[in-house]
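Coordinate analysis (summary)
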Amino acid sequence: MGEITNVTEYQAIAKEKLPKMVYDYYASGAEDQWTLAENRNAFSRILFRPRILIDVSRIDMTTTVLGFKISMPIMIAPTAMQKMAHPDGEYATARAASSAGTIMTLSSWATSSVEEVASTGPGIRFFQLYVYKDRNVVAQLVRRAERAGFKAIALTVDTPRLGRRESDIKNRFVLPPGLTLKNFEGLDLGKMDEANDSGLASYVAGQIDRTLSWKDVKWLQSITSMPILVKGVLTAEDARIAVQSGAAGIIVSNHGARQLDYVPSTIMALEEVVKGAQGRIPVFLDGGVRRGTDVFKALALGAAGIFIGRPVVFSLAAEGEAGVRKVLQMLRDEFELTMALSGCRSLSEITRNHVVTEWDAPRGLPAPRL
């Protein structure tokens, strides 16, 4: 294996190293996997309008997210069961995020608990929440995350039922022996039983609350002082309601194309959601980000920052903590280069005029009179 020079190269290494059931779980999308491909392809239809002859000898990529200063607008999305990828699992990811000066989001379905992740040392960490039918379990978990020093809740709102992931059905996906959903271990909810289809789909059907609605965002606010990010918004209508419901921010996400297939890519949905939020709360994006150019495009279209998911588990599988560090470093370096070559010295200088999309009116021509 030659030197790894970009984020995408880790996927092939992970595929070689991991058991088929595990690789397929991480890699696959829902049903036809149209949205899975589109999450990547859509970025390629957005082009740059670089500005030249600007002094770019000093570039500042720092930003603040919910008041927390981070080194770059590149953060780690919640991905489940990271010890399937590498024995260090979420510990390694937490350390890599911390050393890169950025935020890690821990999945509800982590194979390490909130307390274990906190024990890795200082760092800004968010906690992704699935709402279980038993609200006492939810309240307990939120309290534990808060006590462990987590700074925000990313409430996943696109999963009243698990999307149909056919490779998980074929593989009869179940947590490998010796691993449990550590946050629920003491509550007898940490085990995932063998099932006739996907063990995870059966688990979700049994445990996750399908009645979840906007009133529950209010309920969550009543039990925690942590700000709540609503993760899984794809429309302006829901962006408006998120603002009205007191959300601290929105994550434009299609769950890595793992829930409803044929929703648009997140980069295509982004501008609509940003307009719906009207600048009242920050809008973030996850899904398909593999290059520094992707990060720049998201910011130009109004995102306050992005989260990466699969690149973390694939690099973790390949090289453990060092792999995750390298992914964060490569994206950082590419993003810095993209800023320099576009003529932007700080995030505030990245504007909508730095990109052109297929839905923009042709420049220099009068807009057609209809």
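A quick note: this is a predicted structure, and the numbers were derived from the prediction, not measured. (Residues numbered from 1 in each chain as written. Predicted model: local features only at pLDDT ≥ 70, side-chain atom pairs only at ≥ 80, totals over all residues. Heavy atoms only, no water.)

Burial of strand β6 (residues 125-129) is extensive: five of the five residues sit out of reach of the surface. The side-chain alternation of β6 yields two buried faces, one formed by R125, F127 and L129 and the other by F126 and Q128. As paired strands, strand β5 (residues 104-106) and β6 are joined by three bridges and run parallel to one another. Within β6, the position partnered with M104 by the bridge is R125. Judged from the four bridges that link them, β6 and strand β7 (residues 152-156) form a sheet pairing that is parallel. From the neighbouring strand, Q128 faces β7, where its bridge partner is A154. Since β6 and β7 lie parallel, the crossover through helix α6 (residues 135-147) that links them has a hand, and here it is right-handed. (Buried < 20%, exposed > 50% of the residue type's maximum accessible area, 1.4 Å probe, protein only. Helix = DSSP H or I, 4+ residues; strand = E, 2+ residues; numbered from the N terminus. Pairing = 2+ DSSP bridges. Right-handed = clockwise from strand over helix to strand, strands pointing away.)

All right, on to the pattern of salt bridges then. Taken as a whole, this structure holds 18 salt bridges when the rule is applied. Measuring nitrogen to oxygen at the nearest pair gives 3.9 Å for the salt bridge that ties D286 to K231. Taken together, the residues span a long stretch of sequence, with D286 in strand β10 (residues 283-286) and K231 in strand β8 (residues 228-233) at a distance of 55 residues. Note on K231: relative accessible area 6%, which makes it buried. Between E349 and R345 there is a salt bridge; the shortest N-O distance is 3.0 Å. What emerges from the salt-bridge pattern is a single network uniting R135, D209, K215 and D216. (Salt bridge = Lys/Arg side-chain N within 4 Å of Asp/Glu carboxyl O.)

Right, let's talk about the environment of A118 for a bit. Relative to the helices and strands, A118 is located in helix α5 (residues 114-118). A C-alpha to C-alpha distance of 8.9 Å links A118 and Y91, two positions 27 residues apart in sequence. When residues no more than four places from it in sequence are discounted, the contact partners of A118 are R125 and A148. (Contact = heavy atoms within 4.5 Å.)

Time to look at α6. Helix length check: α6 (13 residues) gives 18 Å between terminal C-alpha atoms against 18 Å at 1.5 Å per residue, within 8%. Here α6 has its buried residues at V137, V138, A139, L141, V142, R144 and A145. Residues of α6 that are buried in the fold lie against α5, β6, β7 and α9 (214-223). For α6, the N-terminal cap is D134; the gap from its side-chain oxygen to the backbone nitrogen of N136 is 2.9 Å. Residue G149 follows α6 closely and has a positive phi angle near 90°. (Expected span 1.5 Å × (residues − 1). Polar contact = N/O pair within 3.5 Å; in protein donor to acceptor, adjacent residues only side chain to side chain.)

With that settled, the discussion passes to the environment of G163. Within the secondary structure, G163 is located in the loop between β7 and α7 (166-170). For G163, a relative accessible area of 13% corresponds to the buried category. Considered as a pair, G163 and A94 are 69 residues apart in the sequence and their alpha carbons are 27 Å apart. Apart from residues lying up to four places away in sequence, G163 is in contact with R258 and Q259.

Feature annotation in UniProt assigns "binding site: glyoxylate" (unreviewed entry) to the following positions: Y25, R165 and H255. Taking the farthest pair of C-alpha atoms as the criterion, the annotated set spanning 231 residues converges on one region, since that pair is 13.2 Å apart. Relative to the assigned elements, Y25 resides in helix α2 (residues 20-27). For H255, the location among the structural elements is in the loop between β9 (249-252) and α11 (266-277). (UniProt positions renumbered as here; feature names shortened; annotations may be inferred.)

With that out of the way, let us pick up the side chain of R125. Among the structural elements, R125 can be located in strand β6. In this structure, R125 is buried with no salt-bridge partner, the nearest side chain bearing the opposite charge being E321 at 10 Å. In terms of polar contacts, R125 uses its side chain to reach the backbone carbonyl oxygen of P122, at 3.1 Å. Beyond its immediate chain neighbours, meaning those up to four positions away, R125 contacts A94, S98, M104, V117, A118, T120, F150, K151 and A152. (Lys, Arg positive; Asp, Glu negative; His and termini not counted.)

Moving on, we get to the packing of aromatic side chains. If you walk through the whole model with that rule in mind, you get 11 aromatic pairs. Their ring planes at 15° and their centres at 5.5 Å tell us that W34 and Y262 sit as a pair that is stacked. Placement of the pair is W34 in helix α3 (residues 34-41) and Y262 in the loop between β9 and α11, with a sequence separation of 228 residues. Given the relative accessible area of 38%, W34 is considered partly exposed. Pairing F284 with F307 gives two aromatic rings, centres 6.0 Å apart and planes at 75°, and the pair type is edge-to-face. Of this pair, F284 sits in strand β10 while F307 sits in strand β11 (residues 305-308), and the two are 23 residues apart along the sequence. There is no split in this pair, since F284 and F307 are both buried. An aromatic cluster of at least three residues, connected via ring pairs, comprises W109, Y130, Y132, F184 and Y203. Across the ring face of W219, the terminal group of R135 is positioned such that the distance to the ring centre comes to 5.0 Å. The ring of Y25 has R258 sitting right over it, with the charged end atom 4.7 Å from the ring centre. (Phe/Tyr/Trp six-rings, centres within 6.5 Å; stacked < 30°, edge-to-face > 60°. Lys NZ or Arg CZ within 6 Å of the ring centre and 35° of its normal.)

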